[in-house]
Amino acid sequence: MNDDLLSRHCVPCRGGVPPVTQTLAADLLTQTPGWALVDEGRRIERKFGFKDFTQAYEFVARVAQLADAEGHHPDVCFGWGWATVSWQTKKIKGLHENDFIMAAKTNGLAGS
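Residues numbered from 1 in each chain as written. Predicted model: local features only at pLDDT ≥ 70, side-chain atom pairs only at ≥ 80, totals over all residues. Heavy atoms only, no water.

Draft legend 1. Expanded view of the sheet that holds strand β2 (residues 43–49). Read across the sheet, four strands follow the order β1-β2-β4-β3 without closing on themselves; strand pairing throughout is antiparallel. At either end of the open sheet lies a strand with only one pairing partner, and these are β1 (36–38) and β3 (75–79). Strand-to-strand twist across the sheet, computed as the mean angle between neighbouring axes with direction ignored, equals 25°. The sheet contact formed by β3 and strand β4 (residues 82–87) spans five bridges and is antiparallel. Looking at β4, one finds that Asp75 is bridged to Ser86. This element, helix α3 (residues 53–70), spans β2, β3 and β4 of the sheet and lies at about 165° to β3. (Pairing = 2+ DSSP bridges. Helix = DSSP H or I, 4+ residues; strand = E, 2+ residues; numbered from the N terminus. Axes fitted to C-alpha atoms, helices over the stretch in contact; angles between N-to-C directions. Contact = heavy atoms within 4.5 Å.)

Listed below in structure tokens is the structure:
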């Protein structure tokens, strides 16, 4: 995990700014292990594995608390033993540095 991303907080994005470039997205992705660019580079996503449903649910609850604290919310899907988290800044229809900050913090919640 990258301490620089972990120490940062999301800044409000009200739109009107361009998404990060593919070059910057690729660089930031190297700082967020396990995440992949999807949807033609407009979002990042990672699937996490757990021992059972309760662990997956508890992880999703921690992600929800983090999202509320940072004011930036992911799309989450989960089931027995897994959770998939997807970050995107919908106001700009692409990726913002906030998404990578949250990916790094999500990795921290998972212990990876």
